[in-house]
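Close look at the chain arrangement
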Amino acid sequence: MDSQTILLLAGLTQFLLSAMTWWVLQQQAKSGVLWWCLGGLLIGLGSTLIALRDQVPAFLSFEVANWLLISGLLMMARALRLRPSRPWNIRLAVAYSIVFLLVYWALNAWSLPGMRAAWLRSNGMLLLLVIAWNAWELARAVRSFNARAIFMAFLGVAIAQAVLLVSAAGNDDLHDPRAAHVLVNSLYVAEFLLAMVSSLCYIGLTVDRARAEESMHAGQQARWDEIRRRGHELAQLDRKRNITMLSAALAQDIGSPLAEMEQAVQQGLETLGQRQWSKPQLQDCFGRIIDAIERASDATDRVRQFLKPPSDGMALVELCDLTERVLLLQARELQSPGIRVCWAADTQPGHVLVEGLQLSQAIHNLVRNAVEAMQESPRRELHLRCERRGQRVRLEIRDTGGGLPDGMVPYPGATLSSSKPNGLGLGIAVARTIIEQFDGNLLLKPADGGGLSVEIDLPAAGRQDKA
């Protein structure tokens with residue numbers, strides 16, 4: 001069987017296998033499948049034109065046919081990229097194929113068959129190696145036998161091209177009938193086998209990649225579900241702990257006004273018992289009583305607001321006001337370790353569309369983490385700053401503690417860890433889960449001068465968004 005017959009069979013086989021691959025995988029709706037099938041069609045067309053070089057014009061069987069082969073290999077290399085979602089430089093690929101065509105045409109016009117053959121085979125070998133490398137990366141990523149088979153097939157043809165390039169140095173061109181020796185026929189047979197193996201294995205590889213992606217997404221969903229479940233449990237524990245703390249704070253906040261009320265009443269009774277009393281003295285006593293009642297009422301309002309059941313929907317909340325309310329609830333916790341709190345709020349309103357109780361829980365977790373991080377620190381300063389920047393509202397919570405734990409990377413989705421001996425690292429994870437529900441971001445970075453800076457970034461909302 002001569003080389004032209006082998007090439008014709010290879011071209012027709014590539015046509016049929018590319019059409020079959022598209023028919024089988026068209027439901028995948030992946031761009032890689034389209035690139036692979038188009039590349040196979042171009043390679044099949046180029047091989048057919050070369051096989052029919054005695055029946056078609058010379059420029060079709062030389063320049064155009066080999067340009068189609070190179071373009072088809074480029075498309076196949078694109079189809080086997082490990083990350084197909086990353087942008088591919090189409091212009092660079094088109095420029096490469098055009099440069100190849102121009103150089104090949106020039107070498108053919110100058111009657112340099114040896115250099116023309118070397119140019120063709122070296123470019124083909126390079127692209128075959130690129131495809132083999134992409135297949136190897138996929139084999140390692142998805143552990144696919146089909147990817148390994150594609151790797152070995154293209155690597156074998158690339159080695160055959162290299163052997164032919166070395167052995168045929170100085171011989172006639174590949175498309176000259178006199179060059180149809182054993183090595184050329186062997187290469188054509190290898191390309192014929194490559195067409196069958198690569199197309200069949202690509203179908204299996206596409207299925208393997210789909211299964212790997214489904215498994216990865218399922219694993220990610222399971223991890224997020226576990227974080228939410230543990231976050232919900234931690235939120236319940238936090239709520240019980242906060243109720244205990246609020247009970248103690250309530251006893252202190254109400255006890256002091258009640259003692260002042262008792263003192264004012266006793267003073268008023270003593271004043272009334274005297275024969276001489278003045279109206280200003282009684283006004284002062286009653287004023288102190290009213291002031292004490294208002295303070296006690298404020299304390300009970302804060303507790304009532306915190307214990308109020310969650311609402312079913314979201315509402316507009318002023319982030320700075322919400323943070324101030326959280327700090328008031330944690331006043332006792334902040335005062336006991338001797339922490340200096342520095343609070344700065346922007347004068348421009350920063351409304352966000354959130355569920356207030358959940359966001360309060362997130363801020364509470366972050367403030368408490370900052371307090372616990374500074375337990376062993378000689379300088380205990382908690383800096384909070386709330387401001388609006390364009391269409392975003394940001395709250396920064398910065399402490400002077402030990403900073404990020406060793407090995408923790410400050411980016412969304414970092415591994416859960418804690419710098420505290422008994423910490424689970426869930427405080428930040430719970431806060432991040434809550435904030436991301438409202439299309440926000442939680443950013444962690446080392447603070448200037450030591451410590452950790454945690455920034456809540458939420459989209460600003462106008463009052464007209466309230467529904």
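Overview of the structure.

Quick notes on the rules
Residues numbered from 1 in each chain as written. Predicted model: local features only at pLDDT ≥ 70, side-chain atom pairs only at ≥ 80, totals over all residues. Heavy atoms only, no water. Helix = DSSP H or I, 4+ residues; strand = E, 2+ residues; numbered from the N terminus. Buried < 20%, exposed > 50% of the residue type's maximum accessible area, 1.4 Å probe, protein only. Contact = heavy atoms within 4.5 Å. Areas by Shrake-Rupley, 256 points an atom, 1.4 Å probe, with all protein chains shown as cover. Disulfide = S-S within 2.5 Å. Axes fitted to C-alpha atoms, helices over the stretch in contact; angles between N-to-C directions. Parallel < 35°, antiparallel > 145°, perpendicular 65-115°, else oblique. Left-handed = near helix turned anticlockwise from the far one by under 90°. Nonpolar A, V, L, I, M, F, W, Y, C, P; charged D, E, K, R; others polar. Phe/Tyr/Trp six-rings, centres within 6.5 Å; stacked < 30°, edge-to-face > 60°. Expected span 1.5 Å × (residues − 1). Salt bridge = Lys/Arg side-chain N within 4 Å of Asp/Glu carboxyl O. Patch = residues over 30% accessible without salt bridge, like charges linked within 9 Å, V, L, I, M, F, W, Y side chains within 5 Å.

1. Details of the overall build of the protein
Scanning the protein for helices and strands turns up 12 helices and seven strands. Looking at the protein as a whole, 42% of its 467 residues are labelled buried. Within the protein, contacts between residues separated by at least 24 positions form 73% of all contacts whose residues are at least 6 apart in sequence. Here the protein has roughly 25100 Å² of accessible surface; of this, 59% comes from carbon and sulfur atoms.

2. Considering the state of the cysteines
Tallying each qualifying case throughout the model produces one disulfide. Each disulfide pairs two cysteine sulfurs, and for Cys 320 the partner residue is Cys 386, the sulfurs being separated by 2.5 Å. Handedness of the Cys 320-Cys 386 disulfide follows from its S-S torsion of about -95°: it is left-handed. Pair noted here: Cys 320 is in helix α9 (residues 319-329) and Cys 386 is in strand β4 (residues 381-389), with a separation of 66 residues, a long-range link.

3. Some words on the environment of Gly 40
Relative to the helices and strands, Gly 40 resides in helix α2 (residues 31-51). Assessed through its relative accessible area of 0%, Gly 40 is described here as buried. Distance in space between the C-alpha atoms of Gly 40 and Met 75 is 8.4 Å, their sequence separation being 35 residues. Dropping the residues within four chain positions of it, Gly 40 is found in contact with Gln 14, Ser 18 and Met 76.

4. Brief notes about the packing of helix α3 (residues 58-79) against helix α4 (residues 90-109)
Their axes nearest at 10 Å, the elements α3 and α4 cross at an angle of 155°. Between α3 and α4, the angle is such that the two are roughly antiparallel. Along this stretch, α3 crosses α4, giving a crossing that reads as right-handed. Residue-level contacts link Phe 62, Glu 63, Asn 66, Trp 67, Ile 70, Ser 71 and Leu 74 of α3 to Ala 93, Tyr 96, Ser 97, Ile 98, Phe 100, Leu 101, Tyr 104, Trp 105 and Asn 108 of α4. Partitioned by chemical class, the residues of the contact of α3 with α4 number 11 nonpolar, four polar and one charged.

5. Concerning the packing of aromatic side chains
Aromatic rings considered in pairs are described by the distance between their centres and by the relative angle of their planes. Inspection of every chain in the model, using the stated rule, returns five aromatic pairs. Judged by centre distance (6.0 Å) and plane angle (15°), the ring pair of Phe 100 and Trp 119 falls under stacked. Taken together, the residues span a long stretch of sequence, with Phe 100 in helix α4 and Trp 119 in helix α5 (residues 113-142) at a distance of 19 residues. A residue is classified by how much of its surface remains accessible, and Trp 119, at 25% relative accessible area, is partly exposed.

6. Brief notes about α5
A rise of 1.5 Å per residue sets the reference length of α5, with its 30 residues, at 44 Å; its end C-alpha atoms lie 43 Å apart and thus fit the reference within 8%. Just past α5, the residue Arg 143 takes up positive phi, approximately 55°.

7. Comments concerning the pattern of salt bridges
Applying the stated criterion across every chain, the model contains eight salt bridges. A salt bridge links Glu 387 to Arg 389; its shortest N-O distance comes to 2.4 Å. Looking at Glu 387, the relative accessible area reads 15%, which means it is buried. Arg 389 gets classed as partly exposed once you look at its relative accessible area, which sits at 40%. A cluster of three or more residues bridged by salt bridges with shared partners is formed by Arg 392, Arg 394, Glu 455 and Asp 457.

8. A look at a nonpolar patch on the surface
Residues Met 20, Trp 23, Val 24 and Leu 200 make up a contiguous nonpolar surface patch of roughly 410 Å² in combined accessible area. No other element matches helix α1 (residues 3-25), which puts three residues into the nonpolar patch. Take Val 24: it is sitting in helix α1.

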